[in-house]
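# Structural overview
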Amino acid sequence: MTTLTRRGFALGTGALAVSAFAIGRARAAEFSYKFANNLPISHPLNVRAQEAANKIREETGGRFDLQIFPSSQLGSDTDTLGQIRSGAVDFFTLSGLILSTLVPAASINGIGFAFKDYDTVWTAMDGKLGAFIRGEIEKTGTILALEKIWDNGFRQTTTSTKAIATPDDFAGLKIRVPPSPLWTALFKAFGAAPTTINFNETYNALQSKIVDGEENPLAVIDTAKLYEVQSHCSLTNHMWDGFWLLANKSNWEALPEDVRTVVSKHLNAAGLNERADIATLTTGLQTSLAAKGMKFNTVDPAPFRDKLKSAGFYKEWKAKYGDKAWAALEDAVGALG
Ligand code: X2X
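Read on for a plain summary of the structure. (Residues numbered from 1 in each chain as written. Predicted model: local features only at pLDDT ≥ 70, side-chain atom pairs only at ≥ 80, totals over all residues. Heavy atoms only, no water.)

## What to know about the packing of aromatic side chains
We count it as follows: Stacked, tilted and edge-to-face are the three classes assigned to paired rings of Phe, Tyr and Trp, where Trp is represented by its six-membered ring and a pair needs centres within 6.5 Å; plane angles under 30 degrees give stacked, over 60 edge-to-face, the rest tilted. Every helix listed is a DSSP run of H or I at least four residues long, and every strand listed is a run of E at least two residues long, numbered separately from the N terminus. For every residue, the accessible area obtained with a 1.4 Å probe (protein chains only) is divided by the maximum for its type, and the residue is called buried under 20%, exposed over 50%, and partly exposed between those limits. Charge-over-ring contacts are defined here by two conditions on Lys NZ or Arg CZ: a distance within 6 Å of the ring centre and an angle within 35 degrees of the ring normal.
All told, the structure shown has 17 aromatic pairs when counted by the stated rule. Between the aromatic rings of tryptophan 317 and tyrosine 321, the centroid separation amounts to 5.7 Å while the plane-to-plane angle is 45°, which identifies the pairing as tilted. Here tryptophan 317 pairs with tyrosine 321, and both are found in helix α13 (residues 313–321), just four residues apart, close to one helical turn. Per residue, the accessibility class of tryptophan 317 equals that of tyrosine 321, and both read buried. Through a chain of ring-to-ring contacts, the aromatic side chains of Phe113, Phe170, Phe187, Phe190 and Phe304 assemble into a single cluster. When the ring centre of tryptophan 122 is taken as origin, the NZ or CZ atom of arginine 275, which lies over that ring, is 3.8 Å away. Between lysine 320 and the ring centre of tryptophan 317, over which it is positioned, the NZ or CZ distance is 4.3 Å.

Right under this line is the structure:
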């Protein structure tokens, strides 16, 4: 028979409180950090980020809580770039091309038709080219990028008007581009009329016909439901785009080293899993988007590349990045332009 003394009872509840704290849900975490991104919650980036958040909470015994804000809930990419610099946001996945408004070299992977396939992408971005870009990001002194870049994908062109089969089809096309000088320059070189619009306003801009087209990887076209407002998808594969997982430097350095190790381990692993998810998802998407009404066509990239060459695109951007950065790119992808 067990007699529950007053003292024994008090000890018992104490033990219960300790074990509830150990699983991390009994009280507020010691560190609660915000992770912003522009993608729908169903996109693999958010699925894997949430999975990492759960693992981090568990492995830190509830000390670290990663709160994820999908769909630009904290503001447009342009706004959020300001917030990651000030520390109002702690983590932010951002396309290197948009980041280039702060770190010019960060757009270099978006040079038209630079990458022929994913093997080349990961060799470059997990290798010297990625290290070079991360070094440039670190030079800001306010933000840093975790080691593994996450996949956005090879970008395809959609319109509500017509298929893009040759460079001439771009002539005068009102196309939405994300906020980045490289994006604007690329589509001007194709002869289109690009308009800069943040992603959180893109669906509405297409729906209200402020623009007739946009370009994004199939995983974004699908999860953001752009197929509802676009009828054609031309497989232009004109650039590979990825998301650097940025951290505010002083908030990152405010974490104890052991917490930082757990956070970066799970976030980098999540990035690798997200890459695999995008690959799997993309395989089936042409069929499922076609079933939702999109008309697909493939393109021969050669005339598009020639158009960029004759417009002086490669020459201009080589001069902008400088010989050292351009050599790092060509080292990874072969001679350009
Ligand atoms: O804004 C876009 O088009 C998107 C979602 O692909 C990026 O974040 C660059």
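On we go.
## Some details on the side chain of glutamate 215
This is how the line gets drawn: Pairs of N or O atoms are called polar contacts if they sit within 3.5 Å, as long as, within protein, a hydrogen donor faces a hydrogen acceptor (for residues adjacent in sequence, only side-chain-to-side-chain pairs). Any pair of residues with heavy atoms lying within 4.5 Å of one another is described as a contacting pair.
Along the chain, glutamate 215 turns up in strand β9 (residues 213–216). With relative accessibility at 0%, the residue glutamate 215 sits in the buried group. Within the local environment of glutamate 215, its side chain forms a polar contact with the side chain of arginine 155, the two groups lying 2.8 Å apart. A distance of 2.7 Å separates a polar atom in the side chain of glutamate 215 from a polar atom in the side chain of histidine 238. With residues up to four places along the chain from it excluded, the contact list for glutamate 215 reads Arg155, Gln156, Thr157, Ile175, Arg176, Pro178, Trp183, Phe187 and His238.

## Focus on unusual backbone geometry
Most peptide bonds take the trans configuration, and most residues that are not glycine carry a negative phi. With phi around 50°, serine 71 is a residue other than glycine that occupies positive phi space. Inspection of the secondary structure puts serine 71 in the loop between β2 (64–69) and α3 (77–86). Classification of serine 71 as partly exposed rests on a relative accessible area of 40%. The residue asparagine 237 is not glycine, and still its phi comes out positive at about 45°. Position of asparagine 237 among the secondary structure elements: in the loop between β10 (232–235) and β11 (240–248).

## Observations concerning the site of the ligand
To be explicit about the condition: Throughout this document, a residue counts as near a molecule or strand when at least one of its heavy atoms sits within 4 Å of that molecule or strand. Note that accessible areas follow from Shrake-Rupley with a 1.4 Å probe, and for residues the cover is restricted to the protein chains shown. When residues are sorted by character, Ala, Val, Leu, Ile, Met, Phe, Trp, Tyr, Cys and Pro go into the nonpolar class, Asp, Glu, Lys and Arg into the charged class, and all the rest, Gly among them, into the polar class.
Taken together, the neighbourhood of the ligand is formed by Asn38, Ser95, Asn152, Arg155, Arg176, Pro178, Trp183, Phe199, Asn216, Asp241 and Phe243. Take asparagine 152: an N or O atom from its side chain is 2.9 Å from an oxygen atom of the ligand. Within the side chain of arginine 176, a nitrogen or oxygen atom sits 2.7 Å from an oxygen atom of the ligand. Out of a free accessible area of 270 Å², the ligand has 100% covered by protein chains. Split into classes, the residues belonging to the shell around the ligand amount to four nonpolar, four polar and three charged.

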